[in-house]
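If you want the building blocks of each chain, they are given just below.
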Amino acid sequence: MGVTCVTQWPVAEGKSMQQTVDFLTKKAEFMGATKTGTFAVDCDTFHASAGNPKFINVLHNSEYPKTTFSITDSNSTLVSDTGFDAILQKLKGIYSTKMSSRIESKGKRYQLADFIVKVGIVSIGSSNRGILVEVEYTPCVILQDCWPLLTEFMQGFLGNGFVPKPPSNLVNKVDVYQPLDTINQYLEHFNQFRKAQVPTR
Amino acid sequence: MSSSLPGNLGSVSTTGGPNLQEYVLQGTILDQSAEALVHRLRALCDNVDQGLETFRDHEMVFALHTGGQTNNQVMLRARRSLDQADSPWQLRYLGQTDLSDKSRAVTVRSYLDALTSDTLPAFLNDIGFRLDHEFVAKGHMFRKGKMKVLVSKLFKFQKPNDLQNLEAMTSSRLVELSVVAPSGSENIADDMKVFAEQLKPLVSMDKV
């Protein structure tokens, strides 16, 4: 596990979302990356019963298949094994979710030396909402030590115009980077996709 | 996360698997007789080659009212080992006792658990659960096949969060014999009854 950057990527002018994803994955292959399977990050939101604005975002990342990440609206977090999903089902009368509101990013996973690259299409139900690119630099767990290297790699992959900023909640992080930090980045993007207008393509 | 706390009543993660149930028999024994029971269990159980397995766990029981007309209460149990500070917390959900078959010799209830980060108490508070009660359980754990036997002394807190000043609840120890297994494993109850018979007359185990 290392430091990860998750970023949105615009759909290319005159192209479909799938064509843009194909272009990015071909580029990764051209750089020498090998396909190592698929990946998925999903998020279900459990809302409290009527009159209570409270909610819990429950996320899973195929990179950590036995783990459930839960983040509330007031940013309390719980990292647990997936047994927690079944316990949440027991709170049905208090917190409930709709399958149709599930948002997920799904796509192919590539490895290039110490980097893992994932290009995913974000969808809510059957509606595609956008593209998320995740790049992980695996040998390092201190964000400040490897961010310039991660940036350089992403510029090589996505173009020089791309300048990834460290996620706002991680800028001053001095301790070890955690899988939860990646999940927080996904949640931030998922929230933006949920609020955004549905794209026409 | 794969380890489990020694004092907990189970440690099986449940998602995607069959519905799990906990089969339980309980009894009590006076402190002065507990040593004799421990000797008996050492003779009967499997995990005694490496000496006695002890545990010291802190359990917090949280409750949340569901509201509405029935206003039921959901309870979740958060437990952590005090001896192994870096081990994960365990969250447990125990269902109502299954009363569909009154001839059953043991208590049967649905059982779910998950191992979690140490943010568990704060997380439960945030989603609306409130601390109902808490205690420290200290004692010995034995295994016999799938069965787990706990002999534990329960302590209450004199002040919240003050683990240095604990007060014994009674002059007895709680004896629990339990198995977590897929629902419908009825022969387990027979095995448990046979085992419980071997602990008589020191302790009489029964369903609650």
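Under an unreviewed UniProt entry, the name given to chain B is Mediator of RNA polymerase II transcription subunit 18, and the organism recorded is Holothuria leucospilota. Word for word, the UniProt comment on chain B under Sequence similarities (unreviewed entry) is "Belongs to the Mediator complex subunit 18 family." UniProt lists a comment for chain B under the heading Subcellular location (unreviewed entry), and it reads "Nucleus".

Chain A is annotated in an unreviewed UniProt entry as Mediator of RNA polymerase II transcription subunit 20 of Holothuria leucospilota. As stated in UniProt under Subcellular location (unreviewed entry), the record for chain A gives "Nucleus". Under the UniProt heading Sequence similarities (unreviewed entry), the entry covering chain A gives this text: "Belongs to the Mediator complex subunit 20 family."

**Section: the overall build of chain A**
Across its full length, chain A carries 4 helices and 9 strands. For chain A, the sequential pattern of α-helices and β-strands runs β-α-β-β-β-β-α-β-β-β-β-α-α. With respect to the three principal axes, the spread of C-alpha positions in chain A is 50 × 40 × 30 Å. Taken across its 201 residues, chain A has 52% of its residues classed as buried. Working note: accessible area of chain A is about 9,500 Å², and carbon and sulfur atoms make up 54% of it. Within chain A, the 18 negative side-chain charges are centred at a point lying 8 Å from the centre of the 20 positive side-chain charges.

**Re the overall build of chain B**
Across its full length, chain B holds 3 helices and 9 strands. In chain B, buried positions account for 49% of the 208 residues. Sequence separation of at least 24 residues holds for 67% of the intrachain contacts in chain B that already meet a minimum separation of 6. Summed over all atoms, the accessible surface of chain B reaches about 10,300 Å², with 47% contributed by carbon and sulfur.

**Describing the confidence of the model for chain B**
Residue and element names in this part refer to chain B. Predicted confidence across chain B gives a mean pLDDT of 88, with 89% of residues reaching 70 or more. Within the model, pLDDT remains below 50 along residues 1–15, and this stretch shows 64 contacts once partners closer than five positions in the same chain are excluded. For this predicted complex, the interface score ipTM comes out at 0.91, alongside a pTM of 0.90.

Conventions we followed
Numbering of residues starts from 1 in each chain and follows the order in which that chain's sequence is written. For this description, chains carry letters from A and ligands carry numbers from 1, given in the order in which they are written. Totals for whole chains, interfaces and linings use all residues, but because this is a predicted model, local features are given only for residues with pLDDT of at least 70 and pairs of side-chain atoms are given and counted only at 80 or more. Each side-chain value is derived from all of the structure's non-hydrogen atoms; neither hydrogens nor water enter the calculation. UniProt positions are given in the numbering used here, feature names are shortened, and annotations may be inferred rather than shown by experiment. Every helix listed is a DSSP run of H or I at least four residues long, and every strand listed is a run of E at least two residues long, numbered separately from the N terminus. Only protein chains enter the calculation, and the probe is 1.4 Å; a residue is then buried if its accessible area is under 20% of its type maximum, exposed if over 50%, and partly exposed in between. Where accessible areas are quoted, they stem from the Shrake-Rupley method and a 1.4 Å probe; at the residue level, only the protein chains shown are allowed to cover. Charge counting treats Lys and Arg as positive and Asp and Glu as negative, with His and both chain ends excluded. Each charge is placed at NZ for Lys, CZ for Arg, CG for Asp and CD for Glu. Two residues form a contact once any of their heavy atoms are found within 4.5 Å. Confidence scores labelled pLDDT are given residue by residue by the predictor and lie between 0 and 100.

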